[in-house]
Each structure stands twice: as C-alpha cells, then as structure tokens.
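Read off the chains here:
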Amino acid sequence: MTDQLRGKSAIVGTGHAGFGEAHGLTAYDVMAQSALAALGDAGLKLSDVDGLFCTMMEDSMPALMAAEYLGIQPRFIDGTMSGGSSFVNYLTSATMALDAGLCDVALIVYGSNQRTGSGKLVTASRPPAYEAPYNPRYPISAYAMAAARHMHEYGTTREQLADVAVSARAWARHNPEAFERGPLTREDVLGARMVGDPLTVRDCCLVTDGGGAVVMVRADRARDFPKPPVYVLGSAAESSHRQISQMKDFTVTAARASGQRAFAAAGVSPGDIQAVELYDAFTINTILFLEDLGFCAKGEGGAFVEGGRIAPEGVLPVNTNGGGLSCVHPGMYGIFTVIEAARQIRGDAPGIQLNDVDLALAHGNGGVLSSQVTAILGSQNTL
Amino acid sequence: MSNTTGPDQIFRTALAKNDIVLPRCDDCGAFHFFPRVLCPHCHGTAISWKPASRKGKVHTTTVVRQKPERGGDYNVCMVELEEGVRMMSRVDGIAPGEVVIGMDVTAFVGEADGAPAVFFKPAEA
Ligand SMILES: [Zn+2]
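The structure displayed is predicted, hence computed values, not measured ones.

Bringing the overall build of chain B into the picture now. The helix and strand inventory of chain B stands at 1 helix and 7 strands. Listed by position from the N terminus, the elements making up chain B come as α-β-β-β-β-β-β-β. C-alpha extents for chain B along the principal axes are approximately 50 × 35 × 25 Å. Counting only residues that meet the buried cut, chain B has 41% of its 125 residues in that class. Contacts in chain B between residues far apart in sequence, at least 24 positions, make up 46% of those at least 6 positions apart. Approximately 6,600 Å² of chain B is accessible, and the part contributed by carbon and sulfur atoms is 49%. Here chain B carries 14 positive and 15 negative side-chain charges, and the mean point of each set is 2 Å from the other.

Quick look at the structure:
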C-alpha cells in the first residue's frame, strides 16, 4: 500500500465465534458465525456484503465455499493464501477494491474447528519434496531452527523465549475471551514438555477452534456506523520463501521490509505505536518481529522482552489479548491481530483496555516465517 | 512428446547411483538448491551439474521429540555445503541433541521411505 491509500478505508465491525472449543461445528459454521458477529457489530446484514476476503485451511477454493455457505454472490473476492498472514494482507486488497469501487462492503473472515475436529493442524498442503524425507514436524521444526540460530548468533536465551509466553499469559489472565487463563511462570515454560528443541509445548501457540471477521467500508461513510471507525493508515507485505530450507537468514524476516513500508505509508514510526499485536505462533516470533519491525535492534529482542517488559505495566503493550500463545489459535491467527488492534483503538478490548489508543499495529505471519504483512491502524484523530 | 530430463529427475537419478550432484549456473557461477530450471540468483537458464564436495557445516538444528514407541527423538537440521547452498537433512551417527551449530559434517546417500536421500554424519577429525 502506498500513502495514496492512507485512511481510504475503515473497519466498522469486528466479530468472532467458537473460541476454544466449538463442539459439533464445522470450520465453515464457525466462519459463518464470525461473519454474522462482525456484521451485527457494524449494523449490517450479510446481504450488504459484496466483497469477500477469505481463506481456510481446508479445500482448494475456500473463498467460493465460504460465499456459497453464506448465501451471497460477491462481485469481488480475494482468496490469496499466504498462511496466517492472509487476513492482514486482505486489509490491502480490501482497501484497494473499496477505493476502486469494486465493492462497497468488504468482509474479511476466517473460521476453524481444528481442536475439536482433529486436534491438530489441518492443512491442504503437501510436504515439500526436498524436506519431506527428513520428517520435520510442520511447522514447529522450522520455528525451532530459527530460534536455535537466533540463540547461537545473539545469545538469546530459553528464559527470554519463556518470558514471551509468560507475558502473553499475563495479558490473557485479564481477558475473559482467552482460552488459557491460568497462571504461568518462566519455570513452567522451561519445565514443560520439550517438543522441538529449544521450544517446549509452552513456547508454542494453542490449538483451538475459533473464527474472526472484520467489516470494512470506504472512509467517506465510515462514521455512519454504530462503532467508532478504525482506519487503515498503511499496510504492506513482503514474501521471502515458502519452505524453511529456503530462508536466507534464519534470524531476519521479511517483516523488516513490510514494516518499513507500512510505517512509511502511515507516516508514523514504531515509537508512535500504542498497542502492538503480533502473530506469535511461537515465542521466537515475538522476538523476531519486535526486532524486524524496528521496536528494538536486531539481536536485542531477547533483552527487550525479558522480565515482563512486554507484559501489562511493561514498557510496550504487546499482544494485549494474550495472543496465539494464550488467547486463541485456530490454525491461522492473523485475523485476531487485526481485531484486537481495532478494539484497542475503539476502546472495547475484551481484556485490558489501554488508555486512549490512537495508533495500533497488527502484524501477520504466514507459512514458516515466509509471508510477513504489517498494518498500521488508527483512530479518527490520526487522519 | 518431450524426452527432456528435468532437474529434479537429474538430481534423483544421480542419487540412485550414490552420486550427489548440485546445479550450478553457467552465467553467474553460483550454486543453488533445490534443483530448478533457472538460477534463482540471476535467473539464467544455463545450468550445469557438478559433483558435490559433500563437505558442510550445520547451520541450525532441532530435535523432533517423539515418544519411544513412535520411533523416538530424531534430528532435523540445515546444513550449509561448501558450495554455499543449504539443504534440510539429518545428522546420523550421534544423538540428535548432540548435533550443534557449526559442526563439520560429511554427506552420504542414505534412504528415506524407500527412496535415496542425502544425509550427513560428523566429519572425521
Ligand atoms: Zn545465475
């Protein structure tokens, strides 16, 4: 997104469904309930939706499946599948489509029943031919190797990784919507079952059901809805690889490029951001993205997150809903970074509501650190 | 009908004969992996195949933890070969947790799921 799209679109509704365990529901049921929740929040109906932005873990044509299920006939669809970052990426394509008049009401939506459905990551993709013989566990082996390399190059410690999970839990404890709300200490994380060295099961995101949706319109009518509009000030993507074996530098992600462009488009810098919502599939993600997005220097992410500095009452509010580590993680988490960022700006966050948030960042990650998408969202005051 | 042998097939046919060959770009001289019909560095399409040095270093590593009854823990790592390319693989001959970043390793052709594949063992001192 270039700055000519700055503030051209706004989120006027957010919704979610099926957090935790959605017994008896299919992934598409959860998707549809999420869509209804977001449209209800915006005071709109399904029949108002003429732009659909959706992908799912199942099927090769999920956007068509979703439109069919919802009983709508959208004139614009985007089903680009870049993994969990897809839903942050749709902020760009939805803004473009709205701005060009290709649709008037854009619905970004996702749903999954991966916890009650199968208990593990559902995926339609095949293991890559040059990785499959070695049986990496997808996706944790990839993130574990990134963490190992970061520890080797920068002296990042397992304790620092653990503190990311502890901070996420500290936020989640205040969030009634969060799936895991029990106490969690550094020792709990370090002593948990090792699943892919150096990561224990507590360094890994949850496996839950859940869905989420946001409704977007052009900025010129964004104030005609019940909730305060949240404007897309800048969004940018960069893709660096698909297979982890093709990642050039295991300690630097494409978030460096996506972040720089998103900040430039929005005309703000990391120091202006009041709430940071990052895709924390694993504890190393938070460290990598804080570095790559410019909240600290490369290699200093471990020290940056240590000892509650990103927890409530810390120096930077990160993953204020509890993140994928403690709130919800139904296969793909990206939509929830957008929802929490928007709700912090609107002032109706489900857990700890920060004071007077005008600027928030949502960052999506897809694949195995493959696709990075950064969005800067702002209140009316930031236009 | 084309009789072209594609890059994937060239690599695997060599492996079946216990040879490890790597694609190298005639234009820029750089190696790449996985095999493909163009050079990902300069996008040239003139590719030659060179016998691999088989010498590498562990770039990063992990242990996949698994219950003993399901086969137990095993190593997954990235090895950087002298040629400058990296491949996912496994270091055999030592405990999975003893594979460390920076260690020198030597490639050999082993078997995975009935097909030949490149594995590594610790280099002889
Ligand atoms: Zn070349």
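Residues and elements named next belong to chain A. For S85, the position within the fold is in the loop between β3 (76-78) and α3 (86-99). Judged by its relative accessible area of 0%, S85 falls in the buried class. In contact with S85, other than residues within four places in its own chain, are G364, N365, G366, S371 and V373.

In this section: the coordination of the zinc ion. Residue and element names in this part refer to chain B. Surrounding the zinc ion are the protein donor atoms C25 (SG), C28 (SG), C39 (SG) and C42 (SG), at 2.3 to 2.4 Å. Coordination geometry of the zinc ion: the 4 donor atoms subtend angles of 100 to 116° at the metal centre, consistent with an arrangement described as tetrahedral. Read in sequence order, the donor residues coordinating the zinc ion give the pattern C-x2-C-x10-C-x2-C. Here C25, found in strand β1 (residues 21-25), pairs with C39, found in the loop between β1 and β2 (47-51); they are 14 residues apart in sequence, far enough to count as distant. Summarising the burial analysis for this pair, C25 and C39 share the class buried.

It is worth spelling out the UniProt feature "domain: Thiolase C-terminal" (unreviewed entry) in chain A at this point. The residues that UniProt annotates with the feature "domain: Thiolase C-terminal" (unreviewed entry) are residues 237-378 of chain A. With 31% helix and 16% strand, the stretch residues 237-378 of chain A has end C-alpha atoms that lie 18 Å from each other.

Residue and element names in this part refer to chain A. Judged by side-chain charge, E159, E187, D188 and E306 come together as a negatively charged surface patch. Topologically, D188 is positioned in helix α7 (residues 186-191). The partly exposed category is assigned to D188, whose relative accessible area is 37%.

Attention now moves to the domain arrangement of chain A. Interface size is commonly expressed as the accessible surface area that is lost when the partners come together. Residue and element names in this part refer to chain A. Here chain A is described as being made up of domain 1 (3-119 + 208-229) and domain 2 (137-199 + 234-382). A straight line from the C-alpha centre of domain 1 to that of domain 2 covers 22 Å. The interface is formed by 41 residues belonging to domain 1 together with 39 residues belonging to domain 2. Approximately 2,900 Å² of surface area, both sides summed, lies buried where domain 1 meets domain 2, with 65% of it carried by carbon and sulfur atoms. The interface formed by domain 1 and domain 2 contains 1 salt bridge. The salt bridge involving R346 is made with D41; its shortest N-O contact spans 2.8 Å. In this structure, the connection of domain 1 to domain 2 is made through 12 residue pairs in polar contact (both at pLDDT 80 or more). At the level of elements, β1 (9-20), α3, β4 (106-112), α4 (114-117) and β7 (209-218) are the ones that each hand at least two residues to the side of domain 1 that touches domain 2. With 8 residues, β1 is the largest single contributor of residues to the side of domain 1 that touches domain 2. When grouped by side-chain class, the residues that make up the side of domain 1 that touches domain 2 number 15 nonpolar, 18 polar and 8 charged.

What counts and what doesn't
- Per chain, residues are indexed from 1 in the order of the written sequence.
- Chain letters start at A and ligand numbers start at 1, both assigned in the order the entries are written.
- Where totals are concerned, whole chains, interfaces and linings use all residues; where local detail is concerned, this predicted model gives features only for residues with pLDDT of at least 70, and gives and counts side-chain atom pairs only at 80 or more.
- Side-chain figures throughout are based on the complete set of non-hydrogen atoms in the structure, without hydrogens or water.
- Each helix is a run of H or I in the DSSP string that is no shorter than four residues. Each strand is a run of E no shorter than two, and both are numbered from the N terminus.
- Remark: exposure states derive from per-residue accessible area (1.4 Å probe, protein chains only) relative to the maximum for the residue type, with buried under 20%, exposed over 50%, and partly exposed in between.
- The criterion used for residue contact is that any of the two residues' heavy atoms lie within 4.5 Å.
- Using the Shrake-Rupley algorithm and a 1.4 Å probe, accessible areas are obtained, with residue cover drawn only from the displayed protein chains.
- Two residue types count as positive, namely Lys and Arg, and two as negative, namely Asp and Glu; His and chain ends fall outside the count.
- Every charge is mapped to an atom, namely NZ of Lys, CZ of Arg, CG of Asp or CD of Glu.
- Note on donors: an N, O or S atom is included if it sits within 2.8 Å of the metal, or within 3.2 Å for Na, K and Ca, and water is never included, so sites can look incomplete.
- Geometry assignment treats four donors as tetrahedral when all angles are between 85 and 135 degrees, treats four as square planar and six as octahedral when opposite donors are over 155 degrees apart and all others between 65 and 115, and treats everything else as irregular.
- UniProt positions are given in the numbering used here, feature names are shortened, and annotations may be inferred rather than shown by experiment.
- Only residues whose relative accessible area exceeds 30% and that take part in no salt bridge are eligible for patches, with like-charged residues grouped when within 9 Å of each other and nonpolar side chains (Val, Leu, Ile, Met, Phe, Trp, Tyr) grouped when within 5 Å.
- Criterion for a salt bridge: a side-chain nitrogen of Lys or Arg within 4 Å of a carboxyl oxygen of Asp or Glu.
- For the domain bounds, the source is a domain assignment made automatically or taken from a database.
- The buried area of a pairing is the accessible area, by a 1.4 Å probe, that goes missing from both parts when the two are put together, added over both.
- Here a polar contact is recorded for every N or O atom pair within 3.5 Å, except that within protein the pair must consist of a potential hydrogen donor and a potential acceptor, and residues adjacent in sequence are included only if both atoms are side-chain atoms.
- Amino acid classes used here: Ala, Val, Leu, Ile, Met, Phe, Trp, Tyr, Cys and Pro are nonpolar; Asp, Glu, Lys and Arg are charged; the rest, including Gly, are polar.

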